[in-house]
Amino acid sequence: MRILVVEDQPRLSEQLADALADAGYAVDRAVDGKRADFLVETERYDAVLLDLGLPKIDGLTLLRKWRENGHTVPVLVLTARGSWHEKVQGIDSGADDYVAKPFRMEELLARLRALIRRGQQPLVAERVSVGGLTLDTRSHRAWIDEREVVLTAKEYALLEFLARRPGAVVSRADIAEHVWDEHYDPLSNVVDVYIQRLRRKLDRTGEASIIRTRRGEGYQLSMGGGVS
Ligand code: CA
């Protein structure tokens, strides 16, 4: 379990890091908002302890930004004692829980354990990129050359299935099994119909389709770049 401690008071930061390390966590520390933002955007944490009053970027601004960017990492906010409006703002901004300063380390650790238990799921939105295609597997959005493409749920599911197997030839049967439910009729041409819809939405004018047909075998998502 890896925890990010965001706290600008050196003594408190160190106490937190020591207590967490003693409890068996891997700990990274940030002493200002900018560093914290960089770490959350580039690393994977199981939880973040977040002080609100921080140099460079304050805690509430950070939290809102992370939630807007789809980060679901559990965040435990450290608030000033008795500051109810900080608690309210923290919760409104996407905090999962808060602890008022000064706190007992045992309480903080207990709340952290509870947060991590609740947050056992993919922690950050996962991006899948193939050629000029990018998928956000959490929000189910898709972009081609940074232009967003609006897809139905089924179109998205089919595209993600292909994008997770870039360059591989995927049979209609494979697609049907993973993207359609048990009511799929193997004699229908529904897979082909959806492939055509995706091509209409994704393909670049005057260029080969990003979804290739392999006659008698199935479909293949182009990796982009050269011709094959
Ligand atoms: Ca502070």
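Residues numbered from 1 in each chain as written. Predicted model: local features only at pLDDT ≥ 70, side-chain atom pairs only at ≥ 80, totals over all residues. Heavy atoms only, no water.

Chemist: Hey, could you run me through the sheet that holds strand β7 (residues 133–136) in this one?
Modeler: If you trace the four strands from one edge of the open sheet to the other, you get β6-β7-β8-β9, paired in antiparallel fashion. The sheet is open, and its two borders are formed by β6 (127–130) and β9 (147–149), each paired with just one other strand. The average angle at which neighbouring strand axes cross in this sheet is 25 degrees, direction not considered. Of the strand pairs in this sheet, β6 and β7 are connected by four bridges, and their pairing is antiparallel. In the strand pairing of β7, arginine 127 is matched with aspartate 136. (Pairing = 2+ DSSP bridges. Helix = DSSP H or I, 4+ residues; strand = E, 2+ residues; numbered from the N terminus. Axes fitted to C-alpha atoms, helices over the stretch in contact; angles between N-to-C directions.)

Chemist: Whenever I open this one, the coordination of the calcium ion confuses me. Can you help?
Modeler: In an ideal tetrahedron of four donors about a metal, each angle is 109.5 degrees. In an ideal octahedron of six donors, the angles are 90 or 180 degrees. Bound to the calcium ion are the protein donor atoms Asp8 (OD), Asp51 (OD) and Gly53 (O), situated 2.1 to 2.3 Å from the metal. Mapping the donors of the calcium ion onto the primary sequence yields the spacing D-x42-D-x1-G. Residue aspartate 8 is found in the loop between β1 (2–6) and α1 (10–22), and its partner glycine 53 is found in the loop between β3 (47–51) and α3 (59–68); the two are separated by 45 residues along the sequence. The class of aspartate 8 is partly exposed, set by a relative accessible area of 28%. Judged by relative accessible area, which is 49%, glycine 53 ranks as partly exposed. (Donors = N, O, S within 2.8 Å, 3.2 Å for Na, K, Ca; no water. Buried < 20%, exposed > 50% of the residue type's maximum accessible area, 1.4 Å probe, protein only.)

Chemist: Quick question: what am I supposed to make of the confidence of the model for the protein here?
Modeler: A low pLDDT means the predicted coordinates there should not be read in detail. Of the residues in the protein, 93% reach a pLDDT of 70 or more, and the chain-wide mean stands at 86. Least confident of the elements in the protein is helix α4 (residues 84–92), whose mean pLDDT is 77; most confident is β3, at 95. (pLDDT = per-residue confidence, 0-100.)

Chemist: Looking at this model, I keep getting lost on the nonpolar core. Mind explaining?
Modeler: Side chains that are nonpolar tend, in soluble globular proteins, to be buried together. Leu133, Leu158 and Ile175 are the most contacted members of the largest nonpolar core, which totals 28 residues. Elements with a minimum of two residues in this core: β6, β7, β8 (141–144), α6 (153–163), α7 (172–179), α8 (190–202) and β12 (218–221). Here this core takes six residues from α6, the largest share from any one element. Apart from residues lying up to four places away in sequence, leucine 158 is in contact with Ile175, Val179, Trp180, Tyr194, Ile195 and Leu198. Counting residues in hydrophobic clusters, the runner-up holds 19 residues, among them Leu39, Leu54, Leu62 and Val73. (Core = buried A, V, L, I, M, F, W, Y, C linked by side-chain atoms within 4.5 Å. Contact = heavy atoms within 4.5 Å.)

Chemist: For this particular structure, what's the right way to read the sheet that holds β1?
Modeler: The pairing of strands in a sheet comes from backbone hydrogen bonds and takes either a parallel or an antiparallel form. If you trace the five strands from one edge of the open sheet to the other, you get β2-β1-β3-β4-β5, paired in parallel fashion. Either end of the sheet is taken by a strand with one partner, and the two such strands are β2 (26–30) and β5 (97–100). Going across the sheet, the axis of each strand differs from the next one's by a mean of 20 degrees, ignoring polarity. Pairing of strand β4 (residues 75–79) with β5, which is carried by four bridges, proceeds in the parallel orientation. In the strand pairing of β5, leucine 78 is matched with valine 99. Packing of helix α5 (residues 105–118) onto the sheet brings it into contact with β1, β3, β4 and β5, and relative to β4 it is tilted by some 150 degrees.

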